[in-house]
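Residues per chain, in single letters:
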Amino acid sequence: MMPAVFHSCSKADSVIQNEPELSLWYTEPAADWNEALPIGNGRLGAMVFGRTDVERIQLNEESVWSRKGSYEDSDGSTAIPAVRELLFDGKYREAQELAVEELLQERLPTGTNAYQTMGDISITYEDSTEVSYYKRTLRLDSALVRVDYTRSGVDYHRQIFSSAVDNVIVFKEKAGKGGKIDCTIQLSRPGEGEVVMYKDDMIIMKQYVDTLQGVLFETRLKVLLKDGHIHSSGFGLQVHGASDLEIRVFAATDYLGEAQWVECEECMKRTMKCNYNRVLTEHLKEYQGLFNRVSLDLGSSSAANSPTNERLALVSEGNEDPGLAELYFNYGRYLLISSSRPGNLPANLQGIWNEHLEPPWNSDYHININVQMNYWPAEVTNLSECHLPYLEFLGELRESGRETARKTYNCRGFVAHHTTDVWHQTQLFGSPSWGMWPMGAAWSATHIWEHYLFAGDYTFLRDYGYDVMREAALFMSDFLVEHPKTGKLVTGPSISPENRFATPAGDTAAINMGPAMDLQIVWHLFTSVIEASKVLGRDDEFRSLLQDQLARLAPVEIGSDGRILEWSEEGLIEVEPGHRHMSHLYGLYPSPQYNWSDSPEYMKAAGKVLDYRLAHGGGHTGWSRAWMINFYARLKDAEQAHHHIQKLFEKSTLPNLFDNHPPFQIDGNFGGTAGIAEMLIQSHAGYVELLPALPDEWENGRVSGLMARGGFKVDMAWHDGELTELQIYSKLGNTLELRFASSEASITTFMDQIITLDDILRVL
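Owing to the predicted nature of the structure, the values given are computational and were not obtained by experimental measurement.

*Asks:* Would you take a moment to explain the nonpolar core for this structure?
*Replies:* Soluble globular proteins tend to bury their nonpolar side chains together. Counting 228 residues, the largest nonpolar core has Ile185, Leu221, Tyr334, Leu690, Met716 and Leu726 as its most contacted members. In terms of residues, this core owes the most to one element, helix H14 (residues 458–479), which gives 12 residues. Those residues in contact with isoleucine 185, other than ones at most four positions away along the chain, are Ile121, Ser122, Ile123, Tyr198, Ile203, Leu221, Val223, Gly236, Leu237, Val239, Leu245 and Ile247. The next biggest cluster of nonpolar side chains, apart from the first, holds 16 residues, and it includes Ala252, Cys264, Met268 and Val279.

If you want it as structure tokens, here you go:
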């Protein structure tokens, strides 16, 4: 079969004018996976290639995971005290060697416990003649992919979406007047072991992901025709003479047991009674109820009339395109809605989109920044319920995490390290530079308090959230140890994630007592639990303990060169001065610990850390660059924040706008989205600040629906960098402390009150 040929001409030109900043669009099919377009309903995902000879739709279901091995809890009863003693004595190499020997298990091979593809739909078209007027579009406001083209004088139109209402992926293709669709439809999966059955108008594919403890999944593909005919063969479903082709895909696994099969079967029976228009209408209504909460306008340029991949290329050449930042922001919200829904698993390193059996880093949950970054935009972009899968997954780590805390550290509470997966492993393993890090649960638990600060969900905090936070804090409370030289409390043995230092003795090591990030996480978690206990009016004794320990916690030090020290001693020098992790700036972002009002010395020291990192090549991965945007937003350096958005586009964004680590990781998309929001609104320092880091390139614009801590929804517009319109909705009735430009206002609000700019000006 000859490949299709694609031409653009005047008809295509007329189609692409005045495209809104709610669409990714292209004039050619996807050549590879990084050009395909994602759809998802939080559980079922697909990558749509938009090909006209052999269409490929790569499928995912969030619980298709292998399980070929596991780790054991290390016995740290004698090793942990011995490692600490060596570290306190400055014997870093010896301490690390002991930790490797006694505590850190060897990492299991890649693919052992991995998130995997569910397979591919292939649609092979009999007609492979030349194609013209081709356009492929992802509509962010509708959560669907469109493919439009003309062949032999006939217009063809496809729509593909994944419905959360009906738990189904839907493919619809229509041929224009006089056109017919003749094709063969197949389901397949890489590797071996799948069982594929073709029956009338249905394909059923079953497979155990591995022969031990991985999941069993089943995919069902159902074809619906309005005309023409269909028959099954030994290798596919053959469609002939159809003017209207519809495919519906259902899937389930046994990850949560037999109930999922029953639920999927019932969903399929119910959905098959509904016509396409009903399924589409319900999908749009449900999805837009989330997506339409926020809108953003940062201005436009002539680049908006170019395909998305060309816009990226133009930005890389130095052209300004404020609309591309707007599109990227909307895309991040789209991806979060599409990969993380209540009742489902959290978004992993690739969200829910992965074509491999052995994906990079197993496509698992790295909880030393990556998964946390996935959820940075959730609250501020008004998608609070999309945060819940991560918060609930954290609670599911407790059973394993309690055993690890007890056996390895002789501590109460629960602990998790650098990596986990759907099997909830929490044990120590791997290289000391990333494995010896017991802060994953502690950092994750702060997200529960952030959820409360934005959403005010008292019931969630009372009935679930506080208990999880408390257990994470209980481990940290037991884990802290007094430094014999200073009398201050420090963590350890631990690391600054994935970085290493050179010692005064000339050795290279990673393990340390009291690295800066640890101390910042302890501060963040303890202050969060203290405030939560006050809100709930309980746990006075534990609150007092945490307050006492905070008072004794070792301070994060600023070195003689003015930078925040990454490790506890000034003589420890980073081996990679341009390292991608900037862990010792956790207190700047995402934590609220440092701000210009209360700790200007740390803000200045953080700026010097960034200067040094960047001067040595830092920010070279996608997610690291996204973190830079948030750092500079908190520093209120608008032009540097904007510069790093441009660099994110230039160096770390794939043609389909996926973040490029490389390879693809979704965290950079979410981190970049959060950073754009952080430039427009901040609320971490006890007040709501409007336009804190607005760059000159966004001098005119408007936004509606962003959320601030305290339960305030903000709509605003600005011109020449000056606020011109403002409406704030007080969801919870809290006191509003507001800052913009050089003005400050304090307003007592009541629940469901709307405050306007005129109201605020009257109290200034």
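*Asks:* Got a minute to help me understand the packing of H14 against helix H15 (residues 516–536) in this structure?
*Replies:* Two packed helices can be described by the angle between their axes and the distance between those axes. Closest axis-to-axis distance for the H14/H15 pair is 9 Å, and the angle between their directions is 140°. The pairing of H14 with H15 is recorded here as oblique in orientation. Where H14 crosses over H15, the two elements pack in a sense that is left-handed. When H14 is examined against H15, the residues Tyr458, Leu461, Arg462, Tyr466, Met469, Ala472, Ala473, Met476 and Ser477 are found in contact with a partner set consisting of Val522, Leu525, Phe526, Ser528, Val529, Ala532, Ser533, Val535 and Leu536. For the contact of H14 with H15, the class distribution of residues is 14 nonpolar, 3 polar and 1 charged.

*Asks:* Can you walk me through the side chain of threonine 117 in this structure?
*Replies:* In this structure, threonine 117 sits in the loop between helix H3 (92–102) and strand E6 (119–125). Sequence-distant contacts of threonine 117, that is, excluding residues within four places in its chain, are made with Gln58, Leu59, Asn60, Val64, Arg189, Pro190, Asn354, Glu355, His356 and Leu357.

*Asks:* Is there a simple way to explain the sheet that holds strand E11 (residues 181–188) in this structure?
*Replies:* Two strands in a sheet stick together by hydrogen bonds in their backbones, pointing the same way (parallel) or opposite ways (antiparallel). Spatially, E3-E4-E5-E6-E11-E16-E15 is the arrangement adopted by the 7 strands of the open sheet, whose pairing is antiparallel. In the strand order of this sheet, the two ends are held by strand E3 (37–40) and strand E15 (229–232), each with one partner. Ignoring which end each strand starts from, the neighbouring axes of this sheet average 20° apart. Where E15 lies against strand E16 (residues 237–242), 4 bridges are found, and the strand directions are antiparallel. Paired with histidine 229 across the bridge in E16 is histidine 240.

*Asks:* So what exactly am I meant to see when it comes to the packing of aromatic side chains here?
*Replies:* For any pair of aromatic rings, the description rests on two quantities: the centre-to-centre distance and the angle between the ring planes. Taken as a whole, this structure holds 32 aromatic pairs when the rule is applied. Here the aromatic rings of phenylalanine 161 and tyrosine 276 are separated by 6.1 Å at their centres, their planes lie at 55°, and the arrangement is tilted. Remark: tyrosine 276 occurs in helix H5 (residues 276–291) and phenylalanine 161 occurs in strand E9 (residues 154–163); sequence separation between them is 115 residues. On the accessibility criterion, phenylalanine 161 (0% relative accessible area) is buried. You can call tyrosine 276 buried: its relative accessible area is 9%. Aromatic rings pair up to connect Trp33, Tyr287, Phe291, Tyr331, Tyr334, Trp353, Phe658 and Phe664 into one cluster.

*Asks:* When you look at the pairing of E11 in this model, what are you seeing that I'm missing?
*Replies:* Successive side chains on a regular strand alternate, one facing one side of the sheet and the next facing the other. Pairing geometry for E6 and E11, over 6 bridges, is antiparallel. When the sheet's bridge partners are listed, isoleucine 121 is paired in E11 with leucine 187. Sheet analysis places E11 next to E16, joined by 4 bridges and oriented antiparallel. If you follow cysteine 183 over to E16, its bridge partner there is valine 239.

*Asks:* In this structure, what is going on with the sheet that holds strand E33 (residues 753–756)? I would like to understand it.
*Replies:* The antiparallel open sheet is built from 5 strands, whose spatial order is E18-E28-E29-E30-E33. Taken across any chain shown, the strands that pair with only one partner, and hence form the sheet edges, are strand E18 (295–297) and E33. Across the sheet, the axes of successive neighbouring strands diverge by a mean angle of 20°, strand direction being ignored. As defined by bridge partners, E18 adjoins strand E28 (residues 701–708) across 3 bridges and the pair is classed as antiparallel.

*Asks:* Is there a simple way to explain the pairing of strand E13 (residues 202–208) in this structure?
*Replies:* With 5 of 7 residues buried, E13 lies mostly within the body of the structure. Strand direction decides the pairing type here: strand E12 (residues 195–199) and E13, joined by 5 bridges, are antiparallel. Paired with lysine 199 across the two strands is methionine 202, which belongs to E13. For E13 and strand E14 (residues 216–225), the ladder comprises 7 bridges, and the chain directions are antiparallel.

*Asks:* Looking at this structure, how should I read the pattern of salt bridges?
*Replies:* Two side chains bearing opposite charge may form a pair once their charged atoms approach each other closely. Enumeration according to the criterion identifies 49 salt bridges in this entry. With a closest N to O distance of 2.7 Å, aspartate 244 and lysine 172 form a salt bridge. On the criterion of sequence distance, the pair formed by aspartate 244 in strand E17 (residues 244–253) and lysine 172 in strand E10 (residues 168–175) is long-range, its members being 72 residues apart. By relative accessible area, which is 6% here, aspartate 244 ends up buried. Connected through salt bridges with shared partners, the residues Lys172, Lys226, Asp244, Glu246 and Arg248 form a single ionic network.

*Asks:* Which parts of the structure should I look at to understand the packing of helix H13 (residues 440–455) against H15?
*Replies:* At a closest axis distance of 9 Å, the pairing of H13 and H15 adopts a crossing angle of 40°. The orientation of H13 relative to H15 falls into the category oblique. Regarding H13 and H15, the two cross each other, and that crossing is left-handed. Contacts between H13 and H15 involve Ala442, Trp443, Ala445, Thr446, Trp449, Glu450 and Tyr452 on the former and, on the latter, Met517, Ile521, His524, Leu525, Ser528, Glu531, Ala532 and Val535. Considered class by class, the residues forming the contact of H13 with H15 number 10 nonpolar, 3 polar and 2 charged.

*Asks:* Could you clarify how one ought to interpret the environment of phenylalanine 649 in this entry?
*Replies:* Its location among the elements puts phenylalanine 649 in helix H19 (residues 638–652). Here phenylalanine 649 falls in the buried class, since its relative accessible area comes to 2%. Along the primary structure phenylalanine 649 and leucine 225 are separated by 424 residues, whereas in three dimensions their C-alpha atoms are 42 Å apart. With sequence-adjacent residues up to four places away left out, phenylalanine 649 is seen in contact with Leu312, Val315, Ser316, Leu324, Ala325 and Tyr328.

*Asks:* I keep staring at the environment of glutamate 566 and nothing clicks. Help me out?
*Replies:* Of note, glutamate 566 is situated in the loop between helix H16 (540–552) and strand E25 (573–574). For glutamate 566, a relative accessible area of 5% gives the class buried. Sequence separation of glutamate 566 and proline 515 is 51 residues, and the distance between their C-alpha atoms is 6.1 Å. Residues contacting glutamate 566, with those up to four places away along its chain left out, are Ser496, Asn499, Pro515, Ala516, His584 and Arg613. A polar contact of 2.7 Å, which involves the side chain of glutamate 566, links it to the side chain of serine 496.

*Asks:* What exactly am I supposed to notice about helix H6 (residues 308–316) here?
*Replies:* Residues lying three or four places apart along an α-helix face the same way, a consequence of the helix completing one turn every 3.6 residues. Within H6 the residues assigned to the buried category are Thr308, Arg311, Leu312 and Val315. Along the axis of H6, the buried residues cluster in a sector spanning 100°; they form a single face. Tucked inside the fold, the buried residues of H6 contact strand E2 (23–26), helix H7 (322–339) and H19. In the stretch just after H6, glycine 318 is the one whose phi turns positive, near 100°.

*Asks:* It is not clear to me how unusual backbone geometry should be interpreted in this structure. Could you clarify?
*Replies:* Negative phi is the rule for most residues except glycine; trans is the rule for most peptide bonds. Looking along the chain, the bond that leaves tyrosine 589 and enters proline 590 is cis, with omega of 15°. For proline 590, the position within the fold is in the loop between E25 and helix H17 (600–615). Cis geometry is found at the peptide bond from histidine 661 to proline 662, where omega equals -5°. With respect to the secondary-structure elements, proline 662 resides in the loop between H19 and helix H20 (667–680). One non-glycine residue, lysine 636, lies in positive phi territory at about 65°. Note on lysine 636: relative accessible area 32%, which makes it partly exposed. Even without a glycine there, the phi angle at aspartate 752 is positive, about 70°.

*Asks:* Got a minute to help me understand H13 in this structure?
*Replies:* Look at H13: 23 Å from first C-alpha to last across 16 residues, which is about the 22 Å you get at 1.5 Å a residue. Summarising burial for H13: 15 of the 16 residues are buried, a large majority. Of the residues trailing H13, glycine 456 is marked for its positive phi of about 65°.

Cut-offs used in this document
- Residues numbered from 1 in each chain as written.
- Predicted model: local features only at pLDDT ≥ 70, side-chain atom pairs only at ≥ 80, totals over all residues.
- Heavy atoms only, no water.
- Core = buried A, V, L, I, M, F, W, Y, C linked by side-chain atoms within 4.5 Å.
- Buried < 20%, exposed > 50% of the residue type's maximum accessible area, 1.4 Å probe, protein only.
- Helix = DSSP H or I, 4+ residues; strand = E, 2+ residues; numbered from the N terminus.
- Contact = heavy atoms within 4.5 Å.
- Axes fitted to C-alpha atoms, helices over the stretch in contact; angles between N-to-C directions.
- Parallel < 35°, antiparallel > 145°, perpendicular 65-115°, else oblique.
- Left-handed = near helix turned anticlockwise from the far one by under 90°.
- Nonpolar A, V, L, I, M, F, W, Y, C, P; charged D, E, K, R; others polar.
- Pairing = 2+ DSSP bridges.
- Phe/Tyr/Trp six-rings, centres within 6.5 Å; stacked < 30°, edge-to-face > 60°.
- Salt bridge = Lys/Arg side-chain N within 4 Å of Asp/Glu carboxyl O.
- Polar contact = N/O pair within 3.5 Å; in protein donor to acceptor, adjacent residues only side chain to side chain.
- Arc of directions from axis to C-beta.
- Expected span 1.5 Å × (residues − 1).

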